[in-house]
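Coordinate analysis (summary)
The chain contents come next:
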Amino acid sequence: MASLLQADRVLYLVSGEKKIRSPLSQLYYCRYCSELRSLECVSHEVDSHYCPSCLENMPSAEAKLKKNRCANCFDCPCCMHTLSTRATNIPSPLPDDPAKTTMKKAYYLACGFCRWTSRDVGMADKSVASGGWQEPENPHTQRINKLIEYYQQLAQREKVERDRKKLARRRTYMPLAYSEKYGLGTRLQRQRSGAPISGLAGLSLKEGEDQKEIKIEPVQALEEVEPLPEDYYTRPINLPEVTTLRQRLLQPDFQPIGASQLYPRHKHLLIKRSLRCRKCEHNLSKPEFNPTSIKFKIQLVALNYIPEVRIMSIPNLRYLKESQVLLTLTNPVENITHVTLRPCEEGDQDDLNSTATVAVSPKELLLAGKDAAAEYDELAEPQDFQDDPDVVAFRKSNKIGIFIKVTPQCEEGEVTLSFKMRHDFRNLAAPIRPIEEGEQGNEPIWLTHHVELSLGPLAP
Amino acid sequence: MADLNAKQIQKSVKIAPGAVVCVESEIRGDVTIGPRTVVHPKARILAEAGPIVIGEGNLIEEQALLINCFPENIIPDKKDVEPKTMTIGINNVFEVGCISQAMKIGDNNVVESKAEVGRNVILTSGCIIGACCQVNTCEVIPENTVIYGSGCMRRVQTERPQPQTLQLDFLMKILPNYHHLKKTLKGNSTPAKKLK
């Protein structure tokens, strides 16, 4: 359906730090700043962690402890699908009477897509359905943990020294957050978009931990390396046994070369994120906490506030010949909206990509409000809008079709054009200042958007 | 007379007792179906260029197409071309919507939904052709191979897929309740009709 709508043919310009052009369905509208926002000019925050297969919510502290992996679900090491637990009946001797055998259930993991089973790598069947499966231990874990502890202690020591120097005069207590060497503690540090996250982020120790001296041994360089086996170059390759790069790199601590060493790993958790406008710090998008729910607590998407332009029909476009293109304008709000289109002026800095000139009528267009009950209300009189038939092709509830005249200016390539759309917006948010007498509190503000259309190639 | 007899033998369908073949399935040509095989309605078994012999314990699901067809570049000429027999072993599963033209299929194979197996492929035993995978090569697929994914990736599994005995038993009980079945052979009687 998305390819049918061809949403990326109509782009709206977002003014922010970077000028971003993107379809309206991917933009957000901050109604406090009265501006469009794209994903790049908002700050993303992690709301909650959940497992995509068992849909279990996990608190952030627990997620961090388990390295962002689910405790119950496994991924197939071969095709990365989710593994399911299957049971077989195995005859096994009764504990009381070894002569008789009874059918016991044995469980193994199997992938429904590539038919990998846990028996392929030699993992024995377990007698419990869940909780019996263990990930293999990394032989280097101890060394890495020791190194991390040592560096944590080093950071802590350096921080204390730095604080001591700064506090030489003042004896006031300075909050921890301001001086962290190996962390992204403050909001200020985090807000810088694109700032590289240090690998040792969040390693600072809490205050009050014992200052135990941890010593680490430096790594010893060996002169003699194990020689390659003699038939390394002549041995024929057993291709099904060799792992693909993708399979190998999904397990970076082992990176097995052979398929018989591919053990399953716990499934990665996914996050729900909330978006926040960088200028006014209001939330633009806040999902529900429950992983099974797809609704939002706060959902300030641009489609609900800004009229949407869609291309309805394009005639054959010829070089330097004026043709009429039919667009539709849809009104998302419930009150009447006044829209004016005007072409971009000469020397407009936003107008970078147009290869055609456009002539639009300067008349103000009226868009009826979106009325959800309109189709059931038979007694309602059709509103009389007195449309100019040269401009307005048709009108249907909250949508109108308009003609614009396009003249391609380039002989080759795609025909793109841009224009400005000015419309009024009534802010229905709670008024910040108290309503004075005689004032309705709902004065419309006028917004102007720069819209770019891509009409496709010229007719041959 | 002999020619007419030969033609009649070519067109008959021999269904062994114990097999469950629904009337709505389309079976054309010289087809032999072994016992304990279940053929669902709307399955099609077409023996155009030669006979098809299906072993026992097979499961052929809806809209599956088993066809013994002429190779594309050879014009069917009855004198020159010898009819090649398509043999299918035991305990195979042909899932919904698959197309199989392979001339020789062994035991315990699974051709998953909407998979296509070409004419020059030979399936040994324990092979699994994944859903929507098209295997058009000219080769013998080694035992216990799994072909899966959009890129038709392959891997070898350690054990063959289990025969679907539970499913077969269930179907042999339930299908006759809802569908008419094609008549099976009784004992050793010949299926050829007598000419009058």
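Computed from a prediction, not measured in an experiment: that's the story for all the values here.

Here we take up the sheet that holds strand β13 (residues 296-299) of chain A. All names here are of chain A. Read across the open sheet, the 5 strands follow the order β6-β5-β11-β12-β13; overall the sheet is antiparallel. Strand pairing shows two members of the sheet lacking a second neighbour, β6 (57-58) and β13, which therefore form its edges. In this sheet, β13 lies alongside strand β12 (residues 283-287) in antiparallel orientation, the contact comprising 3 bridges. Each residue of the ladder has a partner; that of K286, found in β13, is I298.

Here we come to the interface of chain A and chain B. Facing the 11 residues of chain A at the interface are 12 residues of chain B. Buried area between chain A and chain B, summed over both chains or domains, comes out near 1,000 Å², and the portion from carbon and sulfur atoms is 50%. It is A:F113, A:R115 and A:D120 that lose the most area in chain A upon contact with chain B, and together they represent 48% of the buried surface on that side. Taken together, the links from chain A to chain B amount to 1 salt bridge. Between A:R115 and B:E112 there is a salt bridge; the shortest N-O distance is 2.5 Å. Applying the counting rule to chain A against chain B returns 1 residue pair in polar contact (both at pLDDT 80 or more). Considering only residue class, the side of chain A that touches chain B consists of 6 nonpolar, 2 polar and 3 charged.

Moving on, we come to the sheet that holds strand β21 (residues 414-426) of chain A. Residue and element names in this part refer to chain A. Strand order in the open sheet formed by 6 strands is β2-β1-β22-β21-β16-β18, with antiparallel pairing between adjacent strands. Each edge of the open sheet is held by one strand with a lone partner, namely β2 (20-22) and β18 (365-367). Within the sheet, the average angular offset between the axes of one strand and its neighbour, ignoring direction, is 35°. Pairing of strand β1 (residues 10-14) with strand β22 (residues 444-457), which is carried by 3 bridges, proceeds in the antiparallel orientation. The partner of Y12 across the bridge, within β22, is V451.

A separate point is the pairing of strand β15 (residues 323-330) of chain A. Residue and element names in this part refer to chain A. Buried residues dominate β15, accounting for 6 of its 8 residues. In this structure, β15 lies alongside strand β20 (residues 399-408), joined through 8 bridges in antiparallel fashion. Each bridged residue has a counterpart across the sheet, and for Q324 the counterpart in β20 is K405.

Residues and elements named next belong to chain A. Most of β12 sits out of view: 4 of its 5 residues are buried. Summarising the sheet, strand β11 (residues 270-277) and β12 pair through 2 bridges and their orientation is antiparallel. Residue pairing in the sheet places L275 in a bridge with S285 of β12. In sequence, β11 turns back onto β12 through a hairpin of 5 residues, with E281 there showing a positive phi of about 60°.

This paragraph deals with helix α3 (residues 141-166) of chain A. Each α-helix winds once per 3.6 residues, and so residues spaced three or four apart point in a common direction. Spanning 26 residues, α3(A) covers 37 Å between terminal C-alpha atoms, matching the ideal 38 Å at 1.5 Å per step. Those residues of α3(A) that sit buried are A:Q152, A:Q153, A:A155, A:Q156, A:K159 and A:D163.

All names here are of chain A. Confidence in the prediction for chain A averages 80 pLDDT; 83% of positions are at 70 or higher. Low pLDDT, under 50, characterises residues 176-180; the stretch is placed with 9 contacts to residues that sit more than four places away or in other chains. Segment residues 184-209: pLDDT under 50, and 28 contacts once partners within four positions in sequence are set aside and those in other chains are kept.

Under the definition given, this model contains 18 salt bridges over all chains. Linking A:E45 and A:R276 is a salt bridge whose minimum nitrogen-to-oxygen distance equals 2.8 Å. Taken as a pair, A:E45 in strand β5 (residues 42-50) and A:R276 in strand β11 lie far apart in primary sequence, 231 residues in all. By relative accessible area, A:E45 is classed as partly exposed at 22%. Here B:R28 ties to B:E26 by a salt bridge, and the two come within 3.0 Å at their closest N and O atoms. What makes B:R28 partly exposed here is its relative accessible area of 44%. Accessibility expressed as a relative area gives 30% for B:E26, which makes it partly exposed. Members of the salt-bridge network, linked through shared partners, are A:E35, A:R37 and A:K279.

All names here are of chain A. Scanning all chains against the criterion turns up 6 aromatic pairs over all chains. Taking 5.1 Å as the distance between ring centres and 75° as the angle between the ring planes, the aromatic pair formed by Y29 and F425 counts as edge-to-face. Taken together, the positions of Y29 in strand β3 (residues 28-30) and F425 in strand β21 put the pair 396 residues apart, joining distant regions of the chain. Taken individually, Y29 and F425 each receive the classification buried, so the pair is uniform in this respect. On the numbers, 5.8 Å between centres and 85° between planes, the contact of Y232 with Y233 is edge-to-face. These aromatic residues form a ring-pair network of at least three members: Y29, Y305 and F425. A cation sits over an aromatic face here: R119 above Y108, 4.2 Å from the ring centre.

About the cut-offs
Residues numbered from 1 in each chain as written. Chains lettered and ligands numbered in written order. Predicted model: local features only at pLDDT ≥ 70, side-chain atom pairs only at ≥ 80, totals over all residues. Heavy atoms only, no water. Pairing = 2+ DSSP bridges. Helix = DSSP H or I, 4+ residues; strand = E, 2+ residues; numbered from the N terminus. Contact = heavy atoms within 4.5 Å. Buried area = accessible area lost by both parts, 1.4 Å probe. Salt bridge = Lys/Arg side-chain N within 4 Å of Asp/Glu carboxyl O. Polar contact = N/O pair within 3.5 Å; in protein donor to acceptor, adjacent residues only side chain to side chain. Nonpolar A, V, L, I, M, F, W, Y, C, P; charged D, E, K, R; others polar. Axes fitted to C-alpha atoms, helices over the stretch in contact; angles between N-to-C directions. Buried < 20%, exposed > 50% of the residue type's maximum accessible area, 1.4 Å probe, protein only. Expected span 1.5 Å × (residues − 1). pLDDT = per-residue confidence, 0-100. Phe/Tyr/Trp six-rings, centres within 6.5 Å; stacked < 30°, edge-to-face > 60°. Lys NZ or Arg CZ within 6 Å of the ring centre and 35° of its normal.

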